[in-house]
Every structure is written in structure tokens, then in C-alpha cells.
Amino acid sequence: MIMLDRSKLKKVLLIGALLLPAVVVTQTIYAQSKAAKQDLDPEPEFVGGKPELQRYIDANLRYPQQAKTARKEGVVYVSFTVTETGKVANAKIVRSVGMGCDEEALRLVNEMPVWTPGKEDGKVKALPVVIPVAFRLP
């Protein structure tokens, strides 16, 4: 068994205490670089990007008569999956407005053209998307 005198023990503990932050920092940097690498995978995207998605919504949205009569406004959030082939699937309401707006938002999403699918770990995968559909009266 190796015996250390007090001065050597203090040096070993001091060196260990000084090295510990370097190990923690190195692990943090590694974790951040790994996360940054994963962020390079593209998310699903409406063909033409956000401006074209907004044009699609503006051109195809039919304000429900019940909501119009009640002067109801709001934003419906719809979640759905963009499949590996870019089709919209499993659309559902995440945040409701009611008075027919939810049904109209679902109709709009379910009739969307094909999206550009996203990737995860470099492979095309079915990925979730959430979009807002705003109902605003003039």
C-alpha cells in the first residue's frame, strides 16, 4: 500500500481540484457541438418557405359564418406530421378558437400541397410540425 504524507496528499488534491473544471468544460463543449451537429438537419418546409405558406393560407382560408357573425377572432394552432414523402398526416388542433374556426383550420391543413420533408440524423423522416392559422376580421 502506498502512503502519502500530508504535503503530497495536498498537492494531489489541489491538482485534482484544478483539473475538474477543465473536464466539465470539455464535456459541455462536446455536448454543445453534438447538439449543433443535429441542428444542421433541415426541418419540414412548405415549398417556397414561410411566405408561400402564408400566401396559401390567405388564398384558401374561408372564414366560418358563425365566427364572422359573432365577430370571433383568434389563432388556431394545428399540429401534423410531414411524412417521408412530404404529405400532411394526422392533423389535430393544439389550441382551439371554436365557432367553426377549428374545422376550417383542419380543412386547410389537410388540403395542403406536398411539403419538403425534414431530416433527422441525415435521413429523411416523418416529423411533427405546428402552424398557426390566424382568423382576423377586416
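Look a little higher up for the structure.
As a starting point, this report considers the structure included with it. (Residues numbered from 1 in each chain as written. Predicted model: local features only at pLDDT ≥ 70, side-chain atom pairs only at ≥ 80, totals over all residues. Heavy atoms only, no water.)

Within the protein chain one finds four helices and five strands. In sequence order, the protein chain lays out its α and β elements as α-α-α-β-β-α-β-β-β. Considering the protein chain as a whole, with its 138 residues, one finds that 28% of them fall into the buried category. Within the protein chain, counting contacts between residues at least 6 apart in sequence, those at least 24 apart form 71% of the total. As presented, the protein chain carries roughly 9900 Å² of accessible surface, and 59% of it is formed by carbon and sulfur atoms. (Helix = DSSP H or I, 4+ residues; strand = E, 2+ residues; numbered from the N terminus. Buried < 20%, exposed > 50% of the residue type's maximum accessible area, 1.4 Å probe, protein only. Contact = heavy atoms within 4.5 Å. Areas by Shrake-Rupley, 256 points an atom, 1.4 Å probe, with all protein chains shown as cover.)

Direction vectors running N to C along helix α2 (residues 49–60) and helix α4 (residues 101–110) enclose 125°, while the axes themselves pass 11 Å from each other. Considering their axes alone, α2 and α4 lie oblique with respect to each other. Two packed elements cross with a definite hand, and for α2 against α4 that hand is right-handed. Contacts between α2 and α4 involve Tyr56, Ile57 and Asn60 on the former and, on the latter, Glu104, Arg107 and Leu108. Partitioned by chemical class, the residues of the contact of α2 with α4 number three nonpolar, one polar and two charged. (Axes fitted to C-alpha atoms, helices over the stretch in contact; angles between N-to-C directions. Parallel < 35°, antiparallel > 145°, perpendicular 65-115°, else oblique. Left-handed = near helix turned anticlockwise from the far one by under 90°. Nonpolar A, V, L, I, M, F, W, Y, C, P; charged D, E, K, R; others polar.)

This brings us to the packing of aromatic side chains. Inspection of every chain in the model, using the stated rule, returns four aromatic pairs. Aromatic side chains Phe46 and Trp115 sit 5.7 Å apart centroid to centroid with 90° between the ring planes, which places their arrangement in the edge-to-face category. Separated by 69 residues along the polypeptide, Phe46 in the loop between α1 (6–38) and α2 and Trp115 in the loop between α4 and β3 (118–120) bring together distant segments of the chain. Residue Phe46 is classed as buried on the basis of its relative accessible area, which comes to 7%. For the ring pair Phe80 and Trp115, a centre distance of 5.4 Å and an interplane angle of 70° mean the geometry is edge-to-face. Of this pair, Phe80 sits in strand β1 (residues 74–82) while Trp115 sits in the loop between α4 and β3, placing them 35 residues apart in sequence. Three or more aromatic residues joined by ring pairs make a cluster, and in this case those are Phe46, Tyr56, Phe80 and Trp115. (Phe/Tyr/Trp six-rings, centres within 6.5 Å; stacked < 30°, edge-to-face > 60°.)

Backbone-to-backbone hydrogen bonds pair the strands of a sheet. The strands run either parallel or antiparallel. Spatially, three strands are ordered β2-β1-β5 in an open sheet, and the strand pairing comes out antiparallel. Because the sheet does not close on itself, it has two edges, and the strands there are β2 (88–95) and β5 (127–135). Averaged over all pairs of adjacent strands, the angle between strand axes in this sheet comes to 25°, irrespective of strand direction. Relative to β2, β1 runs antiparallel, the two being bridged by five bridges. By the bridge assignment for β2, Val82 is matched with Val88. (Pairing = 2+ DSSP bridges.)

Any functional reading would require information beyond the geometric quantities listed.
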